[in-house]
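# Survey of secondary and tertiary structure
If you want the building blocks of each chain, they are given just below.
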Amino acid sequence: MKNKTNKVTIFDVAKEAEVSKSTVSLVLTQSDKVSDKRKEKVLQAIDKLGYVYNRDAAALRSKRSNLVAVIINDLTNPFAAQLAVGLEEHLYAMGMLPMLVNTAESYQRQQQVVKNLKEYNVAAFIMCPAPGTEQVWLDELIHHNFPVINIMREVPFSRAPTILPDNKKGTHLATMHILEQGITDIAFLGGTDDISDYHERLNGFLSALEKFNIQAQPVIKAVTNRQGGRDAFNQLYKLAPDIKAVICFNDVIAYGVIEAIGQYGLSVGKDIKVVGFDDLADSKLMSPSLSTVAIDAHEIGKRTCHTLQELLNNTVAPVRTLVDVSLQIRDSSK
């Protein structure tokens, strides 16, 4: 066995396993061209000698690793977790290894994460941009030959291809569903100015109002978590105590809204109708079950990886891809 001052090499592993250096290399790169028997001999030799595969050096030799950085803005949001799982499935199918990182909605943290991951020569960055992400910063990353794909949010005028749910359609459908019941005292709650999906979802709400020739209704911004939903409804109820329906930026906001409605002794679905956006797993299990706009996280992952393959093949990828959404009508808005 090698001592601590002598680094174990691939040649040492080959000698110990009684195979060629190329066979060891195939095992290290997870090739299927090696028999199970030889693979086991190599793995046993690696364990015995304590060999550590230098993936950084291998990446430099091949000019590209098989690592894909998946940078999520907020993993405390359940939909972000669903999205990450959908992405992982398709990335693994491509033979890529996802590296999942949470930026907690911080642009500064996102910049630091990207700087660190560049040192691993990742094959690409898939990111949901944090609020405030600058087009110049993103395009500079692309200029240095790192493929970048934005998901769920876009950075205006950036060169990065973007995969988005049809946000405007989703809130338009949700608002039309309420208006078609003859309800006009309706509000939009949640989201902030510095994220692109807020503007898209708000526009869907406003386009439905316009179709019914209804004047502006309350719009209240809030951070996109459960407490944000509670705070937004409390503010709304002081402003418009006769409110009859609420369209929420996402399901998590809706959960907070529902809790706040109950604190006023009101009934969700009867006194005030509520519609969310995302269709989280818990939304159909609630009592009352939450009406919501469903986003197919699996399809987002599929389209993202299709775009990634195009970028890796140096072919032109669509600048903007919209994934369809659907309205799930449940007890909270019937």
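The preceding data block contains the structure.
Attention in this report is confined to the structure presented alongside it.

Thresholds applied
- Residues numbered from 1 in each chain as written.
- Predicted model: local features only at pLDDT ≥ 70, side-chain atom pairs only at ≥ 80, totals over all residues.
- Heavy atoms only, no water.
- Helix = DSSP H or I, 4+ residues; strand = E, 2+ residues; numbered from the N terminus.
- Buried < 20%, exposed > 50% of the residue type's maximum accessible area, 1.4 Å probe, protein only.
- Contact = heavy atoms within 4.5 Å.
- Areas by Shrake-Rupley, 256 points an atom, 1.4 Å probe, with all protein chains shown as cover.
- Lys, Arg positive; Asp, Glu negative; His and termini not counted.
- Charge placed at Lys NZ, Arg CZ, Asp CG, Glu CD.
- Pairing = 2+ DSSP bridges.
- Axes fitted to C-alpha atoms, helices over the stretch in contact; angles between N-to-C directions.
- Polar contact = N/O pair within 3.5 Å; in protein donor to acceptor, adjacent residues only side chain to side chain.
- Parallel < 35°, antiparallel > 145°, perpendicular 65-115°, else oblique.
- Nonpolar A, V, L, I, M, F, W, Y, C, P; charged D, E, K, R; others polar.
- Expected span 1.5 Å × (residues − 1).
- Left-handed = near helix turned anticlockwise from the far one by under 90°.
- Right-handed = clockwise from strand over helix to strand, strands pointing away.
- Core = buried A, V, L, I, M, F, W, Y, C linked by side-chain atoms within 4.5 Å.
- Salt bridge = Lys/Arg side-chain N within 4 Å of Asp/Glu carboxyl O.

## Focus on the overall build of the protein chain
Within the protein chain, the regular secondary structure consists of 12 helices and 12 strands. In terms of principal-axis extent, the alpha carbons of the protein chain reach across some 80 × 40 × 30 Å. In the protein chain, buried positions account for 52% of the 334 residues. Across the protein chain, contacts joining residues at least 24 apart in sequence account for 69% of those joining residues at least 6 apart. On the protein chain, roughly 16600 Å² of surface is accessible, and the fraction owed to carbon and sulfur atoms is 50%. Both charge centroids of the protein chain, one from 37 positive and one from 38 negative side chains, sit 8 Å from each other.

## Section: the sheet that holds strand β5 (residues 162–165)
With parallel pairing, 6 strands are arranged side by side in an open sheet as β2-β1-β3-β4-β5-β11. Because the sheet does not close on itself, it has two edges, and the strands there are β2 (97–102) and β11 (320–323). Each adjacent strand pair in this sheet contributes to an overall mean axis angle of 20°, direction not counted. Taken strand by strand, helix α5 (residues 78–93) contacts β1 (67–72), β2, β3 (124–127) and β4 (148–151), and its axis lies near 160° from that of β2. Seen against the sheet, helix α6 (residues 107–118) touches β1, β2 and β3 and runs at an angle of roughly 160° to β3.

## Considering the side chain of Glu 200
Within the element layout of this structure, Glu 200 appears in helix α9 (residues 196–211). Of the polar contacts made by the side chain of Glu 200, one reaches the side chain of Arg 320; its length is 3.1 Å. Aside from chain neighbours lying at most four places away, what touches Glu 200 is Glu 154, Leu 164, Asn 167, Lys 168, Thr 171 and Arg 320.

## Quick notes on the packing of helix α1 (residues 10–17) against helix α2 (residues 21–28)
Between α1 and α2, whose axes approach to 8 Å, the crossing angle comes to 105°. By the angle between their axes, α1 is roughly perpendicular relative to α2. From α1, Ile 10, Phe 11, Val 13 and Ala 14 reach across to α2, where they touch Lys 21, Val 24, Ser 25 and Leu 28. When the residues that make up the contact of α1 with α2 are grouped by side-chain class, the tally is 6 nonpolar, 1 polar and 1 charged.

## Thoughts on α9
For α9, which comprises 16 residues, the first-to-last C-alpha distance of 23 Å matches the rise-based estimate of 22 Å (1.5 Å per residue) to within 8%. Three or more residues of α9 are buried, namely Ser 196, Asp 197, Tyr 198, Glu 200, Arg 201, Leu 202, Gly 204, Phe 205, Ser 207, Ala 208 and Leu 209.

## Considering the sheet that holds strand β10 (residues 291–295)
Reading across the sheet, the 6 strands line up as β7-β6-β8-β9-β10-β12 and stay open at both edges, with mixed pairing between neighbours. Edge positions in the sheet fall to β7 (219–220) and β12 (325–328), since each of these pairs with one other strand and no more. Bridge count for strand β6 (residues 186–189) against β7 is 2 bridges, and the pairing is parallel. Across the sheet, Phe 188 pairs through a bridge with Val 219, a residue of β7.

## What to know about the packing of helix α10 (residues 226–239) against helix α11 (residues 251–263)
The geometry of α10 relative to α11 is characterised by a closest axis approach of 6 Å and an angle of 50° between their N-to-C directions. Between α10 and α11, the angle falls in the class oblique. Crossing hand, α10 versus α11: right-handed. Contacts between α10 and α11 involve Arg 226, Gly 228, Gly 229, Arg 230, Phe 233 and Asn 234 on the former and, on the latter, Val 252, Ile 253, Tyr 255, Gly 256, Val 257, Glu 259, Ala 260 and Ile 261.

## Focus on the pairing of strand β8 (residues 245–248)
Every second residue of β8 is oriented toward a common face, with Ala 245 and Ile 247 on one face and Val 246 and Cys 248 on the other, all of them buried. With 4 bridges connecting them, β6 and β8 associate as parallel partners. When the bridges of β8 are listed, Ile 186 appears paired with Ala 245. Pairing of β8 with strand β9 (residues 273–278), which is carried by 3 bridges, proceeds in the parallel orientation. When the sheet's bridge partners are listed, Val 246 is paired in β9 with Val 274. Note on the crossover from β8 through α11 to β9: the handedness is right-handed.

## Things to note about the nonpolar core
Formed by 69 residues in total, the largest nonpolar core has its most connected members in Ile 151, Leu 189, Phe 233, Leu 236, Val 257 and Val 274. If you tally residues by element for this core, the top one is α11, at 8 residues. Apart from the residues lying within four places of it in its own chain, the contact partners of Leu 189 are Ile 220, Ala 232, Phe 233, Leu 236, Val 246, Ile 247, Cys 248, Phe 249, Ile 253 and Val 257. Formed by 20 residues, the second largest nonpolar core is a distinct cluster that contains Val 113, Leu 117, Leu 138 and Ala 160.

## Some thoughts on the pattern of salt bridges
Counted by the stated rule, this structure contains 13 salt bridges. When the shortest N-O distance is used, the salt bridge between Asp 193 and Lys 221 registers 2.4 Å. Residue Asp 193 is located in the loop between β6 and α9, and its partner Lys 221 is located in the loop between β7 and α10; the two are separated by 28 residues in the primary sequence. One network of salt bridges, with partners in common, ties together Glu 105, Arg 153 and Asp 197.

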